[in-house]
Amino acid sequence: MNKKTILLASLIILLTTAACGFTFQIPRFFGEESPAPTVEVQRATLPVSPQITLPAVPTLSAPPDISALSYAERDAVLTSLYERVSPGVVSLLVENGQGGSTGSGFVIDRQGHIVTNYHVVEGATDVEVDFLFGLKVRGKVIGTDLDSDLAVVKVDVPEDVLVPLPLGDSDQLKVGQTVVAIGNPFQLNGTMTLGIVSAKGRTLESLRQAESGSFFTAGDIIQTDAAINPGNSGGPLLNLNGEVIGVNRAIRTTGTTITGDPVNSGIGFSISSNIVRRVVPELIATGKYDYPYLGISSRSNLTLRMIEELGLPRQTGAYITAVTPGSPADRAGLRGGSRPTSFTGLPAGGDLIVAIDGQPVMTFDDLLSYLIKNKQPGDKVTLTIVRDGQEKEVDLTLGKRP
């Protein structure tokens with residue numbers, strides 16, 4: 001490898017970063033003689049039943065295939081979509097102890113609940129919610145979830161000005177399907193971008209830190225090439241029926257602008273609508289959401305060399321590298337790796353999970369998505385594992401993420 005190649009490789013740094021609004025200083029709020037107040041965001045007590053559920057997924061026709069349409073017909077589909085859903089998309093201007101930031105959100109019901117990302121409103125001392133038709137109101141953060149990076153903001157406005165956006169079924173998404181993102185990148189309100197679903201079932205690092213110092217994992221993430229930039233965080237990713245099938249969260253980038261903002265590289269990540277459907281009602285009702293917990297560590301992908309060195313009898317499954325002491329997995333007798341290998345952090349001798357409740361597990365991502373979408377703390381599951389070349393079933397009761 002020549003020096004030019006080495007230099008180029010050292011300059012390219014791949015990172016995943018939140019697609020929230022770029023941070024900015026607000027002198028009129030935080031002057032030198034008036035430091036930023038350290039006010040804790042208060043959760044409102046709402047007269048909402050803990051059994052609250054979001055509206056059922058509407059029965060709609062399949063999203064149109066715009067590739068088969070003429071340019072005029074394609075434009076008509078997209079412009080009609082924007083006109084219908086954009087009144088339900090909002091811009092968020094957030095003040096916090098470091099200055100402020102911007103983000104996006106969308107109306108979920110006629111009670112004034114706005115869905116956005118947790119990282120958009122983290123540490124907020126004041127939240128301004130701006131609608132595209134000119135209305136500006138203050139909002140209150142009533143619920144947050146660090147694992148999914150979701151938050152709910154409540155605004156008090158007349159019902160007739162609210163345009164709730166329907167949630168679609170993200171499980172029905174197909175790779176290659178056309179999607180659009182609407183949000184406020186770089187404070188350019190009401191921006192619409194077009195792309196496709198690039199992949200499903202991705203995982204990202206959660207914002208919740210475990211006692212060990214590592215972070216939990218967020219699953220069932222949609223990957224898209226629709227342009228997502230700083231300020232898009234919390235905004236909707238929609239199918240061509242105008243249904244929200246994801247909440248834009250982050251982008252993967254290889255560089256930044258001269259102002260330090262991440263550059264879009266065509267790889268964006270959105271929280272699936274079926275995660276939103278489970279989490280948001282609990283955030284509205286109680287302010288938090290509890291995730292099912294196994295208590296294992298694993299890797300999303302194993303190379304062929306890793307599989308061979310671990311001595312695994314098959315190439316698919318979720319390999320357990322470690323089991324957290326005292327966790328449900330520990331109490332059920334699951335086994336993590338214990339023998340060193342040439343791969344750092346990948347000891348041999350652990351169990352390989354190949355199915356959960358009879359559903360095949362191809363990767364750790366599959367296992368995580370199944371738990372997050374279908375289970376809650378206290379539920380029982382049956383894991384099919386391979387240990388020492390023998391297949392066996394292990395029953396356990398799921399805990400709650402600590």
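As a starting point, this report considers the structure included with it.

1. Some points on the nonpolar core
At step 1: Counting residues in hydrophobic clusters, the biggest one holds 29 residues, and the most contacted among them are F106, V115, L150, L165, L238, V247 and V279.
At step 2: Those elements that provide at least two residues to this core are α2 (71–85), β7 (150–155), β8 (178–183), β12 (244–253), α4 (273–286) and α7 (364–374).
At step 3: At six residues, α4 tops the list of elements feeding residues into this core.

2. Describing the packing of aromatic side chains
At step 1: For the structure on display, the rule yields two aromatic pairs.
At step 2: Ring geometry for Y289 and Y291: centres 4.8 Å apart, planes at 80°, overall edge-to-face.
At step 3: Accessibility expressed as a relative area gives 9% for Y289, which makes it buried.

3. Quick word on the pairing of β8
At step 1: Burial runs high along β8: six of the six residues are buried.
At step 2: What you see with β8 is no split at all: T178, V180 and I182 on one side and V179, A181 and G183 on the other are buried throughout.
At step 3: Summarising the sheet, β8 and strand β9 (residues 191–209) pair through six bridges and their orientation is antiparallel. Pairing of A181 across the sheet is with T193, part of β9.
At step 4: Summarising the sheet, β8 and strand β11 (residues 236–238) pair through two bridges and their orientation is antiparallel. Looking at β11, one finds that A181 is bridged to L237.

So, how was this worked out
- Every chain begins its residue count from 1, and numbering advances along the sequence as written.
- Selection of residues for local features in this predicted model requires a pLDDT of at least 70, selection of side-chain atom pairs for listing and counting requires 80 or more, and totals for whole chains, interfaces and linings are taken over all residues.
- Hydrogens and water are ignored here; the side-chain numbers use all heavy atoms of the structure.
- In this text, buried Ala, Val, Leu, Ile, Met, Phe, Trp, Tyr and Cys residues form a nonpolar core when linked through side-chain atoms within 4.5 Å.
- The rule is simple: take the accessible area with a 1.4 Å probe, protein chains only, and divide by the maximum for that residue type; under 20% is buried, over 50% is exposed, in between is partly exposed.
- A run of DSSP states H or I qualifies as a helix once it reaches four residues; a run of E qualifies as a strand once it reaches two. Both are numbered from the N-terminal end.
- Here is the rule: rings of Phe, Tyr and Trp (six-membered ring for Trp) pair when centre to centre is within 6.5 Å. Planes less than 30 degrees apart are stacked, more than 60 are edge-to-face, and the remainder are tilted.
- Two strands qualify as a pair provided that DSSP identifies no fewer than 2 bridges between them.

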